[in-house]
Amino acid sequence: ERATRGLCQYLREVAGAGQPTMVIAHDTRHFSEEFAALAAKVAANEGVTTFLFPSDRSTPQLSFTVRHLRASAGTVITASHNPPHDNGFKVYFSDGAQIVEPHASAIIRRVNKVHATGEFEPTNGAKVITLGIEVDEAYWRAAGNSVIDPDVLKREGPKLKVVYTPLHGTGIRAIRPLLKAHDVQLSVVPDQEKPDGRFPTVTSPNPENGEALVQAITLARTEGADAVIATDPDSDRMGVAVRNAAGGYELLTGNQIGCFLAHYRISTLVRQGVLTSQNAGRACLIKTFVTTELQAAIANKFGLKVVNTLTGFKYIGEKLREYEEQLMSTAPPGAEYGALQPHEKRAAHLGRGCFFVFGGEESYGYLGTDDVRDKDANASALMFAEAMAGARAQGISVSDYLDKIYSIFGFYWEKLGQIVLEGAEGSAKISRLLESYMSKPPVAIGEIKVERCENFAKDTLRDVDGKPIPKEKMFMLHLEGGARIAIRGSGTEPKVKFYLFASERPRPGKLFEPKELEAAKAKTRKFLDTLWTDVEKDALARAG
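Novice: How would you explain the packing of aromatic side chains if you had to name every residue and give the values?
Specialist: Under the definition given, this model contains 10 aromatic pairs. Consider the rings of Tyr 10 and Phe 93, whose centres lie 6.4 Å apart with planes at 50 degrees: the pair is tilted. You can see Tyr 10 sitting in helix H1 (residues 2–15) and its partner Phe 93 sitting in strand S4 (residues 89–93), a full 83 residues away along the chain. With respect to class, Tyr 10 is no different from Phe 93; both count as buried. For the pair Tyr 406 and Phe 411, a centre-to-centre distance of 4.9 Å together with 75 degrees between the ring planes defines the contact as edge-to-face. A relative accessible area of 0% means that Phe 411 is categorised as buried. Taken together, the ring pairs in this structure connect Phe 260, Phe 384 and Tyr 401 into an aromatic cluster.

This is the structure we're talking about:
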């Protein structure tokens, strides 16, 4: 109640004389539906009209609907892929993206000042409006705009067999109609299809974890499926396993999925003549600092701009709002961004703005259009099916496609390490550890020299557009030989995360031969394993 009242009071403040509106969605977690209904009543009592979904919906659909209905804000009751006992209140602003500064701090100040009153009668003519199927259909059409080559899906889509699991969450509502519309053969894991806030068939409803895909992979083996797709309960993250040459199923990392999608999308737009040497500089790929640099290498080869942001899709959403505002600042009076058809929007951005081709983060979040301003696993499932169809049209598998990328750009690999320190003593150690990197950054990790350290909390850093990067306790160590290490505290858990990056590239002007590529894979993975041992040893000594 307090969170909703604080948000609504802030919306009234910034709305001026107009009446603010808000969209409310919820996932399949325990009490999510009840919390959503309560939030709607509280908002109406605060004089804010709300649009409430009649049942569970995904987080990306909430993001889309805020913009579609031109609402002042939106909220979704969800804890994403957290354990069953968790729940949360995620807030979006009028641009459809998660709140960033200055709104975030202003809303929190409001929430801290208000008290629960228990009063729920509507005021100032506010209403609670239940949304209908037409809003779902509008979102499905927008998600369908992620397809860039409908012909390849029309030819190859019906030959694809996909096993899908929503992990008891919201994804089934959008992914089934999206893939069905393109005749992709879809089987859903029966035990995981129905909404269930207990998530009884998995230890964790997180598609990043291989354990969550076990039932789906078992079904895929029986059906001879090409791929397994899994989404988390609020369907903003997507995990994938693909059938390899031996007939087994290989789990892809978030970075691999992102690279596959990015290369397919960019190369297809180049082949179609949409992106040319003349306009590619007005197209962009957006990724987080802790996402693989292979995506940057791919985009750079085709002449695209690469934008790096802090961790969190809200920062990618913020860049999309920035590009929308830049474009509309040169548009004719009365022009509306939301009224532009996809091809009109693309042409406008390529002519005088910045056309968003793909965005993503290593933690299994991807986006292919700016109709949604958050990671979208529903549209990502469709994008992945299209990219699989594109690979199939070339007569190769997804694994072969990735090897083709590696042979050209080199083998890039990443390793995520973490140090968990629980309790009050653990919290003190985490603070001590992060402070030590700030006051005395390492000069070497093991026997490898640290050439440069970027301190995101103190240094004045700017993105490729010249915009300042917000301050955050994150450190980037650049090692001799090209490896990198990013260090940041978790925002929600008692841990410090370490992102390790390395690559092995072919000689200039050459491609990796198959045996060379296999050797490069083994060398890079072994290097990162050794590097993590040295990083962990150094970090534990710093924590004390």
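Novice: Which residues make up the packing of H1 against helix H2 (residues 32–45), and what values go with them?
Specialist: In the contact formed by H1 and H2, the axes pass within 9 Å of each other and the chain directions differ by 40 degrees. If you check the angle between H1 and H2, you find them oblique. Considering only the axes of H1 and H2, their crossing is right-handed. Counting all contacts with H1, which are made through Thr 4, Arg 5 and Cys 8, the residues of H2 involved are Ala 39, Val 42, Ala 43 and Asn 45. Residue classes in the contact of H1 with H2 are distributed as 4 nonpolar, 2 polar and 1 charged.

Novice: Tell me what's going on with the nonpolar core, and back it up with residues and numbers.
Specialist: Nonpolar side chains in soluble globular proteins generally cluster together in the buried interior. Counting residues in each nonpolar core, the largest one holds 110 residues, and the members touching the most others are Phe 384 and Phe 498. With 11 residues, the single largest contributor to this core is helix H13 (residues 377–393). In this structure Phe 498 touches Lys 415, Leu 416, Gly 417, Gln 418, Ile 419, Leu 433, Tyr 437, Ala 486, Ile 487, Trp 532, Val 535 and Ala 539, once residues within four positions along its chain are discounted. Counting 21 residues, the second largest nonpolar core, distinct from the first, contains Leu 11, Ile 24, Ala 40 and Ala 104.

Novice: Any chance you could break down unusual backbone geometry for me, citing the residues and the numbers?
Specialist: Each neighbour pair has its own omega, and for Glu 101 with Pro 102 the value is 5 degrees, a cis peptide bond. The topology assignment puts Pro 102 in the loop between S4 and helix H4 (103–113). Even without being a glycine, Phe 31 presents a positive backbone phi close to 70 degrees. Locating Phe 31 in the fold gives a position in the loop between strand S1 (21–26) and H2. What makes Phe 31 exposed here is its relative accessible area of 55%.

So, how was this worked out
Residues numbered from 1 in each chain as written. Predicted model: local features only at pLDDT ≥ 70, side-chain atom pairs only at ≥ 80, totals over all residues. Heavy atoms only, no water. Phe/Tyr/Trp six-rings, centres within 6.5 Å; stacked < 30°, edge-to-face > 60°. Helix = DSSP H or I, 4+ residues; strand = E, 2+ residues; numbered from the N terminus. Buried < 20%, exposed > 50% of the residue type's maximum accessible area, 1.4 Å probe, protein only. Axes fitted to C-alpha atoms, helices over the stretch in contact; angles between N-to-C directions. Parallel < 35°, antiparallel > 145°, perpendicular 65-115°, else oblique. Left-handed = near helix turned anticlockwise from the far one by under 90°. Contact = heavy atoms within 4.5 Å. Nonpolar A, V, L, I, M, F, W, Y, C, P; charged D, E, K, R; others polar. Core = buried A, V, L, I, M, F, W, Y, C linked by side-chain atoms within 4.5 Å.

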